[in-house]
Amino acid sequence: MQYTRETAIERLVESYSAYFNITRFEGEPLSLTAICEFFEHSERYVISRQANLWTANCEEFVYIFDVAQLTREEFERCRDFAWEDGQKRAHIGPGHMYTYVTPIFICDTCREDARAAIKKSRIYKSFRFSLHGWMDFHTAAFEVTSNQIVTNRSGKCVEKVLKKVLFNKKKRRRFL
């Protein structure tokens, strides 16, 4: 199926809306169209909640950018914005397990220097030697004209999601 940027973004946001809190933007200076936030809290206790054995808080922040032509400069500007904003949104402390910051670029074309920058990007941060968890940076770009997906090494899981959402032939049904 051939997509436009708008239809690809709508399909992606619709699929994320099942599990993520979605905030839409229009006319943002960095071509940000949506932020998708996911929070999960798990814990194990014995008999009562006061006897807590462990707690794990997991978070993921997905930033969807709409760019006509993705250049290295645009990628770096959006990457830095997503990383800084993700650090502000993260709840770091006891019980924090991980936070994933994931900018996804939907573009008509992607220049070679931007592709190389995406593939080389690696940002990772641990808190108190990973006792308070870690943050990892996943990124992907979907080139609409050629239906190509480019990711960094950590973003291979995002590539699977994009392929499943954008190239799955079956009609999706949402149950409320």
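Shown above is the structure to which this text applies.
A short tour of the structure in this document, coming up. It should be emphasised that the depicted structure is a prediction, and the values quoted were computed from it without experimental measurement.

Reading the values: rules and limits
- Sequence order as written defines residue numbering, which begins from 1 separately in each chain.
- Confidence filtering applies because this is a predicted model: local features only for residues at pLDDT of at least 70, side-chain atom pairs given and counted only at 80 or more, and all residues used for totals across whole chains, interfaces and linings.
- Side-chain calculation: all heavy atoms of the structure are included, whereas hydrogens and water are not.
- Any two strands are treated as partners once DSSP identifies two or more bridges connecting them.
- Secondary structure follows DSSP: runs of H or I at least 4 residues long count as helices, runs of E at least 2 residues long count as strands, and numbering of each begins at the N terminus.
- Any Lys or Arg side-chain nitrogen located within 4 Å of an Asp or Glu carboxyl oxygen qualifies as a salt bridge.
- Burial classification: accessible surface area is computed with a 1.4 Å probe over protein chains only, and a residue below 20% of its type maximum counts as buried, one above 50% as exposed, and the rest as partly exposed.
- Expected span, for any helix, means 1.5 Å times one less than how many residues it has.
- Each C-beta atom gives one direction from the helix axis, and the arc is the one those directions make.
- The contact criterion used throughout is that any non-hydrogen atoms of two residues lie within 4.5 Å.
- To count toward a patch, a residue needs a relative accessible area over 30% and no salt bridge; like charges are then connected within 9 Å, while nonpolar side chains (Val, Leu, Ile, Met, Phe, Trp, Tyr) are connected within 5 Å.
- Residue exposure ignores everything except the shown protein chains as possible cover, and the areas themselves are Shrake-Rupley values with a 1.4 Å probe.
- The set of buried Ala, Val, Leu, Ile, Met, Phe, Trp, Tyr and Cys residues whose side-chain atoms join them within 4.5 Å is what this entry labels a nonpolar core.

## With respect to the pairing of strand β2 (residues 32-45)
Note that strand β1 (residues 21-24) and β2 share four bridges and pair antiparallel. By the bridge assignment for β2, arginine 24 is matched with alanine 34. In terms of strand pairing, β2 meets strand β3 (residues 52-70) through 13 bridges, oriented antiparallel. The residue of β3 that forms the bridge with histidine 41 is asparagine 57.

## What to know about the pairing of strand β8 (residues 148-151)
Inspection of the sheet shows strand β7 (residues 140-143) paired to β8 by four bridges, in the antiparallel sense. Paired with phenylalanine 142 across the two strands is isoleucine 149, which belongs to β8.

## Focus: the pattern of salt bridges
Tallied over the entire structure, the rule returns 13 salt bridges. Here glutamate 76 makes a salt bridge to arginine 72, at a shortest N to O gap of 3.0 Å. Of this pair, glutamate 76 and arginine 72 both sit in helix α2 (residues 72-89), separated by four residues, roughly a single helical turn. For glutamate 76, a relative accessible area of 26% translates into the label partly exposed. Take arginine 72: its relative accessible area is 35%, and that puts it in the partly exposed class. For arginine 111, the salt bridge identified is with aspartate 113, shortest N-O distance 3.1 Å. By relative accessible area, which is 35% here, arginine 111 ends up partly exposed. Exposure remark for aspartate 113: the relative accessible area of 23% places this residue in the partly exposed category. A cluster of three or more residues bridged by salt bridges with shared partners is formed by Arg5, Asp66 and Asp108.

## Observations concerning helix α4 (residues 156-167)
Relative to the 16 Å expected for 12 residues at 1.5 Å per residue, α4 spans 16 Å between its end C-alpha atoms, a close match to the ideal helical length. Taken as a whole, α4 has its buried residues at Val158, Glu159, Leu162, Val165 and Leu166. Seen along its axis, α4 keeps its buried residues to an arc of 140°; they face one direction. Away from the buried face of α4 by more than 90 degrees, exposed residues Lys160 and Lys164 are located.

## Some thoughts on the environment of alanine 141
You can see alanine 141 is positioned in strand β7. Residue alanine 141 is classed as buried on the basis of its relative accessible area, which comes to 1%. In this structure the C-alpha to C-alpha distance between alanine 141 and glutamate 14, which are 127 residues apart in sequence, comes to 18 Å. Not counting residues up to four positions away in its chain, the partners in contact with alanine 141 are Leu70, Phe105, Ile118, Gln148, Ile149 and Val150.

## Quick look at the side chain of threonine 71
By secondary structure assignment, the location of threonine 71 is in the loop between β3 and α2. Residues in contact with threonine 71, not counting those within four places in the same chain, are Arg111 and Ala114.

## Section: a nonpolar patch on the surface
A cluster of nonpolar side chains, namely Val46, Ile47, Leu53 and Trp54, defines an oily patch on the protein surface of about 470 Å² accessible area. On the secondary structure map, valine 46 appears in the loop between β2 and β3.

## Description of the nonpolar core
Core analysis: the biggest nonpolar cluster contains 25 residues, and Tyr63, Phe65, Leu70, Val101 and Phe105 have the highest contact counts within it. Looking at this core, the elements that each hand over two or more residues are β2, β3, α2, β4 (96-110), α3 (112-120) and β6 (134-137). With sequence-adjacent residues up to four places away left out, tyrosine 63 is seen in contact with Leu32, Ala34, Ile35, Phe81, Ala82, Asp85, Gly86, Arg89, Val101, Thr102, Pro103 and Ile104.

By themselves, these figures tell us nothing about what the structure is for.
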